Amino acid sequence: MDMGGIDRREKLSATKLHVSQYVVAAVLVVLGCWLWRLQILGADQYRVLAEQNRVRKVPVLAPRGKIFDRYGRILVDNYPSVTCFLVREQQKQLDTDLPLIAEGLHIPLEQIQATLRHFQYAPKYQPIPLKQDITPDEQAFIAAHRDDLPELETLDTERRLYPKDGFAAHLIGYVGEVSEADLNDERFAAYQPGDVVGKFGVEETYDGTLRGIDGSRDIIVNSHGKEVGQMGQELAVPGKDLHLTIDLDLQIAAERALEGKNGSIVAMDPHTGEILAMASRPAFDPNQFSVRLTSAYWKSLMDDKNHPMMNKAIQAQLPPGSTFKVVMTLAGLQENEAQDLHVACNGGATFYGHFFGCDKHHGSVDIHNALPYSCDTFYYTLANKLGIDKISSYAHSVGLGQKTGIDLPDEQAGVVPSQEWKLKTQHDKWYAGETISVGIGQGATQATPIQLARALSGIASGGVFVRPHVLMPGQISSEEQSTIDQEFPGSGVAHISITPENWQIITDDMANVLSPIGTAAAAHLDGIDLAGKTGTADIVAGRQKNSSDKSTLPHSWFVGMTPRRNPDIVVAVLWEHGYWGNYSAMLAAQVIDTYVTKQRKGSGNLKMEEVAVPKTEAPKTAGDVGAAPSAE
Amino acid sequence: MREVAARGCCVTMDSFFYRFRNPLVLIAIVLMQVIALAMQVQRPGKDADVPVSARAMEDAGSAPDGKHVSLLRRWTVTAMTPLETAVHSSSVKVRGAWGNYVDLLHTRQQDAALKQEVARLRVEEASFAEDAAQGRRLQTLLDFRQHYVTSTVAAQVIGTSGSERSHVLYLDKGSEDGLKPEMAVITPDGVVGKIRDVFPHTSQLLLISDSSSGAGVILASTRIRGIVKGTATGRVEIDNLTADSRIKVGELVVTSGGDLVFPRGLPVGTIESIAPDPLHQPYTAIVIKTAANLNRLEEVLVITGTSATLPPTAAQDAATAEATQDANQRAADLIAEKLPGLHTDGDAAPGAAGTPAVGADGKPVSDDPESQVGGAVGYINSGLPRPKPAVHPDKFTPGTVPPATELTPGAPASQQAPQKPQEQ
């Protein structure tokens, strides 16, 4: 029985054995197929997948180029900044670590808890910024606790550091994260979300040169995402440093002159178009933009009715007022209308049934004293003789009503009224009466400080006009330069012919504006051949000038230059609500004085011992060797 | 038939267990281990809930284990520690016996005591040397000593972690000897690392060269603050400093005390090399040669007591010394001083050397009330400057400009002032 049982069992086992053999063989075949599929057919694909899991590409940020003045003095620098983040991906109880973190990072515990609550619904992988710009001690704390506080991570960034007090803020601009809207623009095709780009001023114009090219590192990470090694690298190409045409000394003088005021000062070399100083006030703090702009600060900037975000040197479009009379003088002389024009000024005159006032009774006025007196009656008469077509043609020829083509973003073109302009904008025909107020730079006429600097210095240079620019030449390739030129179109370099006689008359007239008979006599500088023209632009005609409310006071202009013919420097000053033009002239005189003193010191032509006794009259006789032509 | 089959089955079962008794026991043990492992893996946070920092531990009373101590590791460490200690101590004893035989018994003991004394004195000396370098006065010196190490525990290195990448050593002292996590470990030469996990009679020493180590340091002579970190290759580096010509090879690096682990003023090492780090611009990689020989560590000192709480007056003094001397400043503050501002002197502007000044007297125009006249009422800097007179007439002097007929439009004046050399 036992035997039989055993036999049967053995028989049964033998059959089962066969079956199980086949099953095992089949399983092996299936496994073999899968192995073949995984290891041979899919090898490449899986290798890539595995590498991707193991190797991570991290960007190596290129340091942004620094910005210097024309003599290599630093204007914008970078600084390494460290931000501390809290990473919640590790499933670790954070609560027990918080007191230690609070102590090490010098943040109140409640504040950390509040931050955590604020981010509690944010995705887990999103790091929580705990503290920006941490100190070396706080960095050391994080480094020394890397093994027991792995949730703390630091991120090194290079931050832009701009001068204090909004110094040259509008010229330099600022950087910020590229915006959603910008990314859709083809100009920003090469940018990634999160990239830092120049957003204003030089930072925007020369972003491509300053930014460099980011590199990358292929790092090997373990299953926790911690870096354990490195496979390959692509070095970052640092951004190029840029030298601006700005002279720091003049910029300081300009910023100081504008301190506490509202307006702009721009200084330019009329031979080359190099901007020597460009200040606009009130200013903003670009450093606020490079960290994280608070909505309160942004709101305060937006709510300020003095427009701190506007670069008034190229964006403030205001009636040029009497500074336009230089253009009128040019037109009158070149058209042979002004040479023999004699006007009796009795405080104004009537044209087309309407009385146009002048601020004084200037008596007999001709081309030699009309500009120093700034006699409105004379220019009303001249404008009436010339007509709007000729006036607008000359205004256009000196670059008004068009951008100058300065290499800064968002330059405004201003307005030169003409028959076509009025038809186009107001769908109305031009009335001859409107020409009268255009003759004194009022009416619809609008100009920016940079336009007036270029126009008036160009006239004083005998009709040679330049393209203003802020970048020292020779720093970018000619292709880059032509791209910049195309991106910032404008009147640029131009030449008009002026007869030597007319050139002489206009420049002497402008010098006489600073003579005792002129409107800017108060800004006369001993020993410096300063020439220029004041302007007082009413904001809205009819407002009372003597109101205590400063916002109703007229804008005060002055465009000054030295020497009077072929000037080496021109300074345009716009003082909003500054009242009289001679106040602006005094601001311009500060910049001019700084420039001339610097030039004279550089050539050893300065009486150092005279410093202590500036009130003696000796310098006057020494300075005024050839005495300025007296007014007739 | 049925009966037979049932019996046969029973016989089979008996013989099955009997025949496979050994493998079954093995499988059961392995299974239990796997289950234990699985439990551990499923609840990784459980052991980590033990308070973390040394301070937190003090509050919570004595916690025998550090965090992250998993079940398996705890068993292994507990099982292995007596064995390792036995092996180590027996080898030490054999060597010691020979030594004692050769030398004299008491000389040997005296030597050990003296060595400890020398170690303590060298640490103290380091503190004084560091102090002298700072040039502090007596008052601060007192704070410094108070802030400094008050008690240490000597410990023997009894084993390594065995992994090439991690630089962890095992010490023969543990929580029973007063050791807690986050305590600094030094040798008389300098900093070695810090205590990581603590077991009753054993503890883990995380070397400063481990890639998860870090410490706040000060470069002793330049007073520049940095952070040393271990790297995967075992080198110790400072990687958060930008290129600075003041930093020289051979400079002593000491702890800053800012990291709340290492007390202030302990030597870390000297600068071995300085090289720009192309992957981490604009920083430089500064390699440190550690003062303590991390590869041949036998005896170390664990700093168990520092007087962290200073008397209020002393703390205040220390704070002022801190503010004035060590400049725990952000890089931003340092660089910001170099940039121009509304109230910067033209002369003081960086890089101004060689370029002419604003005013002849070096003073900005507006600062001297005598130098300006008139101007709009109620506004500063709105008046007229008084130009400094020229020695002889130049192109800016009135009347020197030739008549228009003699001039070319746009041409610079012939009487050219010497052009300043342009940089770049």
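Structure's up top.
Every value quoted in this text rests on a predicted model; they were computed, and no experiment measured them.

Burial of helix α18 (residues 419-426) of chain A is sparse: only zero of the eight residues sit out of reach of the surface. Positive phi shows up at A:His427, right after α18(A), with a value of about 50 degrees.

Ranked by internal contacts, the top residues of the largest apolar core, which has 140 residues, are A:Ile265, A:Val266, A:Ala267, A:Ala277, A:Val591 and A:Ile592. For this core, the element with the most residues is helix α23 (residues 581-602) of chain A, which contributes 10 residues. In terms of domain composition, this core takes at least three residues from each of domain 2 (58-243) and domain 3 (248-297 + 311-623) of chain A. With residues up to four places along the chain from it excluded, the contact list for A:Val266 reads A:Ile275, A:Ala277, A:Met278, A:Ala313, A:Pro449, A:Ile450, A:Ala453 and A:Ala572. Ranked by size, the runner-up nonpolar core spans 63 residues in total, among them B:Leu206, B:Ala215, B:Leu252 and B:Leu294.

Remark on secondary structure: sheet strands pair via backbone hydrogen bonds, oriented parallel or antiparallel. Residue and element names in this part refer to chain A. An order of β12-β11-β21-β20-β19 is seen for the five strands of this open sheet, with the pairing classed as antiparallel. In this open sheet, the two edge strands, each paired with only one partner strand, are β12 (275-281) and β19 (531-537). Adjacent strand axes in the sheet meet at a mean angle of 5 degrees when their direction is disregarded. Where strand β11 (residues 263-268) meets strand β21 (residues 569-575), six bridges bridge the pair, whose relative direction is antiparallel. Within the sheet, the bridge partner assigned to Ser264 lies in β21 and is Leu574.

Residues and elements named next belong to chain A. At their nearest, the axes of helix α14 (residues 325-334) and helix α17 (residues 388-397) sit 9 Å apart, and the two run at 115 degrees to each other. Overall, the two elements α14 and α17 adopt an arrangement that is roughly perpendicular. For the crossing formed where α14 meets α17, the hand is right-handed. Of the residues in α17, those in contact with Val327, Leu330 and Ala331 of α14 are Lys390, Ile391, Tyr394 and Ala395.

Right, let's talk about the sheet that holds strand β9 (residues 252-255) of chain B for a bit. Strand order in the closed barrel formed by six strands is β6-β7-β8-β11-β10-β9 (chain B), with antiparallel pairing between adjacent strands. On average, each strand axis in the sheet is tilted by 40 degrees relative to the strand beside it, whichever way the strands run. Sheet topology note: the strand β7 (residues 225-230) of chain B/strand β8 (residues 236-242) of chain B ladder contains three bridges and is antiparallel. Bridge pairing in β8(B) places B:Lys229 opposite B:Glu237. Taken strand by strand, helix α5 (residues 136-144) of chain A contacts β6 (214-219), β7 and β8 of chain B, and its axis lies near 145 degrees from that of β6(B).

All names here are of chain A. Burial within helix α10 (residues 248-258) is extensive, with 11 of its 11 residues counted as buried. Inspection of α10 places Leu248, Asp249, Leu250, Gln251, Ile252, Ala253, Ala254, Glu255, Arg256, Ala257 and Leu258 among the buried residues, and these make up the whole buried set. In this structure, the buried side of α10 is in contact with β11, β12 and α23. Two residues or fewer after α10 comes Gly260, characterised by a positive phi angle close to 75 degrees.

Rules and cut-offs
Residues numbered from 1 in each chain as written. Chains lettered and ligands numbered in written order. Predicted model: local features only at pLDDT ≥ 70, side-chain atom pairs only at ≥ 80, totals over all residues. Buried ≥ 20, exposed ≤ 12 C-beta atoms within 10 Å, placed from the backbone. Helix = DSSP H or I, 4+ residues; strand = E, 2+ residues; numbered from the N terminus. Core = buried A, V, L, I, M, F, W, Y, C linked by C-beta atoms within 7 Å. Domains from an automatic or database assignment. Contact = placed C-beta atoms within 7 Å. Pairing = 2+ DSSP bridges. Axes fitted to C-alpha atoms, helices over the stretch in contact; angles between N-to-C directions. Parallel < 35°, antiparallel > 145°, perpendicular 65-115°, else oblique. Left-handed = near helix turned anticlockwise from the far one by under 90°.

All quantities given are derived from atomic positions and should not be read as evidence of function.
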